[in-house]
Amino acid sequence: MASDRSRRRLVVTGVVATLIVVTVYLAGGVVAGVKGAARAVVFPFAWATDFVARPVGHMVAGMVDYSDLVAQNHQLREELGQATLRADENAAAAAQLRLMGQALHVPWVGSLGTLVAQVTTDSPTNFAATVTIDKGSDEGVMDGMPVVADGGLVGRVIAVSWHTCTVRLLSDTGSVVEATFGDGATSVLISGEGLNNPLNVSGIPETAPLGVGSLLSTDGLQGGLFPPGLPVGRVTKLLVSPGSSTYAVSLKPTANLNDLSYVDVVLWEPST
Amino acid sequence: MNQTRALIALTTLAVVGVQVAVFTQWRFAGVVVMLVWLWPVVVGLTGLTSLAVVTGFLSGLLFDAQCATPFGLNALVGMALGYFVSRLGKEGVGDLDSAALWVTPIIAAVAGASAPVLFVASGVLALDFSLWRGSLLDSMAVNAVAFFFLARPLARLAFALSSPALRARR
């Protein structure tokens, strides 16, 4: 009986402790410190496991996919050559465009600084679409900065430590991006629907000039979370429900969110 | 009991390490297998309720620190799994030597299918109503299957680590 009581007391204590943790999380502040401490505790174990498991994984992958690796290597060399050529051409064009943008006072994302970062880990859970990258506050990354890759927006920084930061991807269910399309007259909200699902767009009137393949970009409105002009995704499905005056739109992100190796952090802070 | 607690605590840290370093990289149908949820389940099978609940809390909280989901939810799920399975464990249901071969895997599979639902439902506590829009069904299916296969070897480990406490209880 006493054992039953103590067990019940333990469970109640545990539940209360968790509720306190969740409440503190909601209130903000202290949780960052607790998380930092917990990460520090786990780090040696994760590092040791990674140290042992990674070479084994590489060896197995190398044995199984050797032909693929050789083919990929050839393809990458070819693409690198083409990219170098394009980069040289683009550098001149970018400089010219920057000058024009300054003269016209047009905000243009190309004029913003970027920082190349490597993706180190994917989201460790099924309920958050995030990646960790190898640049942090020491390299100038700040909370809220947009992250781009592969020709489009990837997400934004949500937590920064000294040498790493966590990026919430567009596909995360907590991600919302203000975007526009066509002539920029209509602003819409793009929300994430989970790791393997297309993005969802709400609030597009039936009269809007939109079709499959249309590109949506960040609108950069005053007080927004992103600078204007970052490509977000292309329309893949356009449905009108009976009786509804708005489109139900599915969007494929411009960047391949499932295969990120390197990203650019846009050194732009959201205005407050 | 102290020796068991220390061993289980150390193993819990190692399990979180393996989860973060290895299981995060291995996705099945885009889903991560949640070893940090399975661990309190197999500790619960020993019937040591307090140990299972504390293990669930610890593994969940340490894992919460690595994620962008609301802090504390994995701890809550871990505790709940540890508690409920330990009630079965107390009745000897999960005893690897006397129970039928399929019992432990089936209990673990049910826990694997229930845990994501519990996680999403507990999101309400953190005022996060968007978790259900993620890969809930995929997560249930993949974790159920993975827990089915991983349960027995991990349960062996949990029973081996808990043997001093189990002996003392007898």
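Residues numbered from 1 in each chain as written. Chains lettered and ligands numbered in written order. Predicted model: local features only at pLDDT ≥ 70, side-chain atom pairs only at ≥ 80, totals over all residues. Heavy atoms only, no water.

Residue and element names in this part refer to chain A. In the structure shown here, the tally under the stated rule is three salt bridges over all chains. The shortest N-O distance in the salt bridge between Lys135 and Asp134 comes to 3.7 Å. For Asp134, a relative accessible area of 26% corresponds to the partly exposed category. Between Asp172 and Arg168 there is a salt bridge, with the nearest N and O atoms lying 3.2 Å from each other. The class of Asp172 is buried, set by a relative accessible area of 4%. Among the residues examined, Arg168 registers a relative accessible area of 23% and is labelled partly exposed. (Salt bridge = Lys/Arg side-chain N within 4 Å of Asp/Glu carboxyl O. Buried < 20%, exposed > 50% of the residue type's maximum accessible area, 1.4 Å probe, protein only.)

This paragraph deals with helix α3 (residues 49–64) of chain B. Residues and elements named next belong to chain B. Taking 1.5 Å per residue, 16 residues should reach 22 Å; α3 reaches 22 Å between its end C-alpha atoms and fits that length. Of all 16 residues in α3, 12 are buried, a share of seventy percent or more. Burial in α3 covers these residues: Thr49, Leu51, Ala52, Val53, Thr55, Gly56, Ser59, Gly60, Leu61, Leu62, Phe63 and Asp64. (Helix = DSSP H or I, 4+ residues; strand = E, 2+ residues; numbered from the N terminus. Expected span 1.5 Å × (residues − 1).)

This part covers the pairing of strand β9 (residues 215–218) of chain A. As judged from the three bridges shared by strand β6 (residues 176–181) of chain A and β9(A), these two strands associate in the antiparallel manner. Along β9(A), the bridge assignment pairs Thr180(A) with Ser217(A). (Pairing = 2+ DSSP bridges.)

So, about the nonpolar core. Residues and elements named next belong to chain B. Trp37, Leu38, Trp39 and Val42 are the most contacted members of the largest nonpolar core, which has 63 residues in total. Per element, the largest residue contribution to this core is 12 residues, and it comes from helix α6 (residues 136–169). In contact with Trp39, not counting residues within four places along its chain, are Ile8, Thr11, Thr12, Val15, Thr55, Leu154, Leu157, Ala158 and Leu161. (Core = buried A, V, L, I, M, F, W, Y, C linked by side-chain atoms within 4.5 Å. Contact = heavy atoms within 4.5 Å.)

Now for the packing of helix α2 (residues 35–44) of chain B against helix α5 (residues 103–122) of chain B. Residues and elements named next belong to chain B. At a minimum axis distance of 10 Å, the contact between α2 and α5 shows a crossing angle of 125°. With respect to each other, α2 and α5 are oriented oblique. Two packed elements cross with a definite hand, and for α2 against α5 that hand is right-handed. Facing α2, whose interface residues are Trp37, Leu38 and Val41, α5 presents Ala108, Ala111, Ala115, Pro116 and Phe119. (Axes fitted to C-alpha atoms, helices over the stretch in contact; angles between N-to-C directions. Parallel < 35°, antiparallel > 145°, perpendicular 65-115°, else oblique. Left-handed = near helix turned anticlockwise from the far one by under 90°.)

Residues and elements named next belong to chain A. Pairing in this closed barrel of six strands is antiparallel, and the strands run β1-β2-β5-β4-β3-β12 around the ring. Neighbour-to-neighbour, the strand axes of the sheet open up by a mean angle of 45°, direction not taken into account. Sheet topology note: the strand β2 (residues 130–133)/strand β5 (residues 165–169) ladder contains four bridges and is antiparallel. Paired with Thr130 across the two strands is Arg168, which belongs to β5.

The interface of chain A with chain B comprises 45 residues on the first partner and 56 residues on the second. Approximately 4000 Å² of surface area, both sides summed, lies buried where chain A meets chain B, with 68% of it carried by carbon and sulfur atoms. Its largest share of buried area at the contact with chain B, chain A owes to Pro124(A), Asn126(A) and Phe127(A), together 19% of the area lost on that side. Along the contact surface separating chain A from chain B lie zero salt bridges. Remark: the boundary between chain A and chain B carries four residue pairs in polar contact (both at pLDDT 80 or more). Broken down by secondary-structure element, the contributors of at least two residues to the side of chain A that touches chain B are α1 (2–27), α2 (30–64) and β1 (114–122) of chain A. Tallying contributions element by element places α1(A) first for the side of chain A that touches chain B, with 13 residues. Counted by class, the side of chain A that touches chain B contains 22 nonpolar, 15 polar and eight charged residues. (Buried area = accessible area lost by both parts, 1.4 Å probe. Polar contact = N/O pair within 3.5 Å; in protein donor to acceptor, adjacent residues only side chain to side chain. Nonpolar A, V, L, I, M, F, W, Y, C, P; charged D, E, K, R; others polar.)

As a further point, take the sheet that holds strand β8 (residues 199–205) of chain A. Two orientations exist for strands paired in a sheet by backbone hydrogen bonds: parallel and antiparallel. Residue and element names in this part refer to chain A. Strand order in the closed barrel formed by six strands is β6-β7-β8-β11-β10-β9, with antiparallel pairing between adjacent strands. Neighbour-to-neighbour, the strand axes of this sheet turn through a mean angle of 40°, independent of strand direction. Looking at chain direction, β6 and strand β7 (residues 187–191) are connected through five bridges and run antiparallel. Considered in β7, the bridge of Ala179 is made with Val188.

All names here are of chain B. A surface patch of nonpolar side chains, about 620 Å² in accessible area, is lined by Trp102, Ile106, Val110, Val145, Phe148 and Phe149. Contributions of two or more residues to the nonpolar patch are made by α5 and α6. Tallying contributions element by element places α6 first for the nonpolar patch, with three residues. Here Val110 lies in helix α5. (Patch = residues over 30% accessible without salt bridge, like charges linked within 9 Å, V, L, I, M, F, W, Y side chains within 5 Å. Areas by Shrake-Rupley, 256 points an atom, 1.4 Å probe, with all protein chains shown as cover.)

Time to look at α2(B). Residues and elements named next belong to chain B. For α2, the buried fraction is high: 10 of the 10 residues fall into the buried class. All of the buried residues along α2 are Leu35, Val36, Trp37, Leu38, Trp39, Pro40, Val41, Val42, Val43 and Gly44. Turning to α2, the residues buried within the fold contact α1 (2–23), α3, α4 (73–90), α5 and α6.

All names here are of chain A. Looking at the secondary structure, you find Met142 in the loop between β2 and β3 (146–149). Judged by its relative accessible area of 38%, Met142 falls in the partly exposed class. For the pair Met142 and Leu267, spaced 125 residues apart in the sequence, the C-alpha separation amounts to 8.1 Å.

Turning to the side chain of Ser191(A), a few remarks are in order. Mapping Ser191(A) onto the fold places it in strand β7. Non-local contacts of Ser191(A), meaning those with residues more than four positions away in its chain, are made with Leu170(A), Ser175(A), Val176(A), Leu199(A), Asn200(A) and Arg133(B).

A few words now on the domain arrangement of chain A. Buried accessible area, meaning the area lost when the parts come together, often serves as the stated size of an interface. The domain boundaries assigned to chain A delineate domain 1 (1–104) and domain 2 (110–266). Placing the centre of domain 1 of chain A and that of domain 2 of chain A at their C-alpha centroids yields a distance of 17 Å. (Domains from an automatic or database assignment.)

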